[in-house]
Amino acid sequence: MEYDWLIENVNIATFAADTDGYGIQEKAAVAIQGNEIVFVGPMDAWSKDHSNIEVRRKIDGAGKWVTPGLIDCHTHLVFGGNRAEEFEWRLQGESYESIAKKGGGILSSVRHTRALSLEDLYRQSAPRLERLLEEGVTTVEIKSGYGLDTETEIKMLRVAKMLEEHYPVTIKTTFLGAHAVPPEFQHFDHPKQAYINHICSEMLPAIAAQKLADAVDVFCEGIGFSADQCEQVYQAAQQYNLPIKAHAEQLSDLKGAVRAAQYQAISVDHIEYLNAEDVSQLRSTVAVLLPAAFYCLKETQLPPIEALRKNNTPMAVATDLNPGTAPVASLLTAMNQACILMGLTPQEALKGATHFAAQALDIKTKGQIKTGFDADILLWNIQHPAELAYGVNFHRPACIWQAGKLKGGKEASRYGF
Ligand code: DI6
Ligand code: FE
């Protein structure tokens, strides 16, 4: 028998489901065949039991660390233009909500995104994805939500799919029609409700028919939509067997997270204003922490981290990469911010950007270094995995395997990449 790769003499942060903490294996090896992990274990076990296996390519890790490929489970990285001007207004004291109310904010990005061709939207979005991939991100979730009409939402989701064709990455797409009320609906007596009806009767069916979305998301917020309106979207999503996610409790407590959990949401995201007493109602829904948005908005209300821990709620960490509240194309930076601003441990931050990020996307074969899992694997020149959250812009992977192929990393050229 032949395997494609053997990465030997490494320490591994496996984050395997049946282990605690990092799930560390020392003096270990990982083998890859095709796009799958086919062996994880101590060097001794490899040497003893695999003498009949030929290995096409071998890397001596010399004590380096292996982790699962990073997973950014919440981004809005497909958008047109930028909002640097609003950044200046906010620096002068204007609030995010007041800018949104006068037609800036999300609607400003909607104008730019609508104006671009598919190709130009792709060209503007690709560099942001490239920044994530350089750090070892191998799976990215991308939301629509800057189109707010069927045509532009579809254009955004198509761009997300094109990115997956051109880059070594798995992309999960999420339809976020319920992000803001588009200008065409502002003259209705009940603009929000009219637009929600349109999402459920027109937009979602069109997007589901073209299989452009893996999940459906909403912005449950005073400046977004009420918990009841979001519930209408969840019910429509159920008809197409699409899992739901929710932006909830980012700026106020509308009890949106609990409502989403009642619809088996795969994640509730932001949740700074989630009441600690409500945490027990989240069941198995993943809490996605977005510290880069917390940082950029200079938010002071912290998510109920201690209650989430006590409740054993899985906590993921993502960038929220978007033009308004999180122009941050670095998941490692978000991990650092999760520790410094929100009090996560480096182990929680890394597990939140691998194992639990996979869970937030309902992916069962990623986020762990485990036999049978996808071979999305990083090799790091570090002494301990806590270093990944500790430094800002300290580290890039030495090698990046995506779907079993060596696709990048600082030292990849040594191994024929
Ligand atoms: N919450 C966010 O953090 C982004 N969307 C949302 O619902 C921000 C969107 C933006 O300001 O462009
Ligand atoms: Fe977001």
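Thresholds applied
- Residues numbered from 1 in each chain as written.
- Chains lettered and ligands numbered in written order.
- Predicted model: local features only at pLDDT ≥ 70, side-chain atom pairs only at ≥ 80, totals over all residues.
- Heavy atoms only, no water.
- Donors = N, O, S within 2.8 Å, 3.2 Å for Na, K, Ca; no water.
- Tetrahedral: all angles 85-135°; square planar, octahedral: opposite > 155°, others 65-115°.
- Helix = DSSP H or I, 4+ residues; strand = E, 2+ residues; numbered from the N terminus.
- Buried < 20%, exposed > 50% of the residue type's maximum accessible area, 1.4 Å probe, protein only.
- Pairing = 2+ DSSP bridges.
- Axes fitted to C-alpha atoms, helices over the stretch in contact; angles between N-to-C directions.
- Contact = heavy atoms within 4.5 Å.
- Disulfide = S-S within 2.5 Å.
- Near = heavy atom within 4 Å.
- Polar contact = N/O pair within 3.5 Å; in protein donor to acceptor, adjacent residues only side chain to side chain.
- Nonpolar A, V, L, I, M, F, W, Y, C, P; charged D, E, K, R; others polar.
- Patch = residues over 30% accessible without salt bridge, like charges linked within 9 Å, V, L, I, M, F, W, Y side chains within 5 Å.
- Areas by Shrake-Rupley, 256 points an atom, 1.4 Å probe, with all protein chains shown as cover.
- Salt bridge = Lys/Arg side-chain N within 4 Å of Asp/Glu carboxyl O.
- Core = buried A, V, L, I, M, F, W, Y, C linked by side-chain atoms within 4.5 Å.
- Lys, Arg positive; Asp, Glu negative; His and termini not counted.
- Left-handed = near helix turned anticlockwise from the far one by under 90°.

Undergrad: I would appreciate a short explanation of the coordination of the iron ion (ligand 2) in the present structure.
TA: Each pair of donors in an ideal four-coordinate tetrahedral metal site encloses 109.5 degrees, whereas pairs in an ideal six-coordinate octahedral site enclose 90 or 180 degrees. Protein-derived coordination of the iron ion (ligand 2) comes from His74 (NE2), His76 (NE2), His247 (NE2) and Asp320 (OD), at a distance range of 2.1 to 2.2 Å. Because the angles between the four donor atoms bound to the iron ion (ligand 2) fall within 80 to 164°, the donor set is best described as irregular. Mapped onto the sequence, the donors of the iron ion (ligand 2) take the spacing H-x1-H-x170-H-x72-D. With His76 in the loop between β6 (70-72) and α2 (84-91) and Asp320 in the loop between β13 (315-317) and α12 (331-342), this residue pair connects regions lying 244 residues apart in the sequence. A relative accessible area of 2% means that His76 is categorised as buried. Exposure remark for Asp320: the relative accessible area of 2% places this residue in the buried category.

Undergrad: Sorry, what's going on with the sheet that holds β13 here?
TA: Two modes of strand pairing occur in sheets, parallel and antiparallel, and in both the strands are linked by backbone hydrogen bonds. The eight strands lie next to each other as β6-β7-β8-β9-β10-β11-β12-β13, forming an open sheet whose pairing is parallel. Unpaired on one side and paired on the other, β6 and β13 mark the two borders of the sheet. Recorded for the sheet is a direction-independent mean angle of 25° between the axes of neighbouring strands. Pairing between strand β7 (residues 137-143) and strand β8 (residues 170-178): five bridges, direction parallel. Paired with Ile142 across the strands is Thr173, a residue of β8. Sitting on the sheet, helix α7 (residues 191-209) is in contact with β8 and β9 (215-220), with an inclination near 150° to β8.

Undergrad: Can you walk me through the state of the cysteines in this structure?
TA: In protein chemistry, a disulfide is the covalent bond that joins the sulfur atoms of two cysteines. Tallied over the entire structure, the rule returns zero disulfides. In this model Cys230 remains outside any disulfide bridge; the closest cysteine sulfur is found in Cys220, 4.0 Å from its own. Not part of a disulfide, Cys296 finds its nearest cysteine sulfur in Cys339, a span of 17 Å. With a relative accessible area of 23%, Cys296 lands in the partly exposed category.

Undergrad: Please clarify how the site of ligand 1 should be interpreted in this entry.
TA: Close to ligand 1 lie 14 residues; Arg83, Tyr96, Tyr146, His179 and Asp320 are nearest. One of the side-chain nitrogen or oxygen atoms of Tyr96 is found 2.5 Å away from an oxygen atom of ligand 1. Residues of the shell around ligand 1, tallied by class, amount to four nonpolar, eight polar and two charged.

Undergrad: I tried to follow helix α4 (residues 106-115) on my own but got confused; where do I start?
TA: Every α-helix winds through 3.6 residues per turn, so residues three or four apart in the chain are directed the same way. Looking at α4, one finds that the buried residues are Ile106, Leu107, Ser108, Ser109, Val110 and Thr113. Here the buried face of α4 lies against α2, α3 (96-101), α5 (118-134), α6 (150-166) and β9.

Undergrad: Where do I start with a nonpolar patch on the surface in this structure?
TA: On the surface, a nonpolar cluster with roughly 310 Å² of combined accessible area is contributed by Tyr295, Ile340 and Leu341. One can find Ile340 in helix α12.

Undergrad: Looking at this model, I keep getting lost on the nonpolar core. Mind explaining?
TA: A general tendency of soluble globular proteins is for nonpolar side chains to be buried together. Core analysis: the biggest nonpolar cluster contains 101 residues, and Leu77, Leu129, Val140, Leu163 and Met335 have the highest contact counts within it. At nine residues, the largest contribution of residues to this core is made by α7. Once residues lying within four places of it in the same chain are set aside, the contact partners of Leu77 are Ser125, Arg128, Leu129, Leu132, Val140, Ile142, Leu163 and Leu321. With 21 residues, the next largest nonpolar core counts Val10, Ala28, Ile37 and Tyr415 among its residues.

Undergrad: Explain the pairing of strand β3 (residues 36-42) to me, please; I cannot follow it from the model alone.
TA: As judged from the six bridges shared by strand β2 (residues 24-33) and β3, these two strands associate in the antiparallel manner. Each residue of the ladder has a partner; that of Ala31, found in β3, is Phe39. Joining the antiparallel neighbours β2 and β3 is a turn of two residues, in which Gly34 adopts a positive phi near 60°.

Undergrad: What am I meant to see in the side chain of Lys245 here?
TA: Examined against the element boundaries, Lys245 turns out to sit in strand β10 (residues 245-248). Buried charge Lys245 goes without a salt bridge, the closest partner of opposite sign being Glu141 at 4.9 Å.

Undergrad: I keep staring at the environment of Leu297 and nothing clicks. Help me out?
TA: Along the chain, Leu297 falls in the loop between α10 (291-296) and α11 (305-310). Considered as a pair, Leu297 and Gly177 are 120 residues apart in the sequence and their alpha carbons are 23 Å apart. Ignoring sequence-local partners within four residues, the contact set of Leu297 consists of Arg90, Tyr96, Gln250, Leu251 and Thr325.

Undergrad: What exactly am I supposed to notice about the packing of α6 against α7 here?
TA: Two packed helices can be described by the angle between their axes and the distance between those axes. The contact between α6 and α7 brings their axes to 10 Å, and the two run at 40°. Note that α6 runs across α7; the crossing there is right-handed. Two secondary-structure elements touch here, α6 through Thr150, Glu153, Ile154 and Leu157 and α7 through His198, Met203, Ala206 and Ile207. Its residues placed into classes, the contact of α6 with α7 shows five nonpolar, two polar and one charged.

Undergrad: Which parts of the structure should I look at to understand unusual backbone geometry?
TA: Excluding glycine, residues mostly carry a negative phi; peptide bonds, for their part, are mostly trans. Residues other than glycine seldom take positive phi values, yet Lys211 does so here, at roughly 50°. Taking relative accessible area as the criterion, Lys211 reaches 67% and is therefore assigned exposed. With a phi angle near 55°, Glu249 is a residue other than glycine that sits in the positive phi range. Looking at the element boundaries, Glu249 is found in the loop between β10 and α9 (256-262). On the basis of relative accessibility, which here comes to 0%, the residue Glu249 falls in the buried class.

Undergrad: Mind showing me how you'd approach the side chain of Thr139 here?
TA: Structurally, Thr139 is set in strand β7. Here Thr139 falls in the buried class, since its relative accessible area comes to 0%. If we skip the residues at most four places from it in the chain, Thr139 touches Leu70, Ile71, Asp72, Val169, Thr170, Leu361, Ile363, Lys366 and Asp376.

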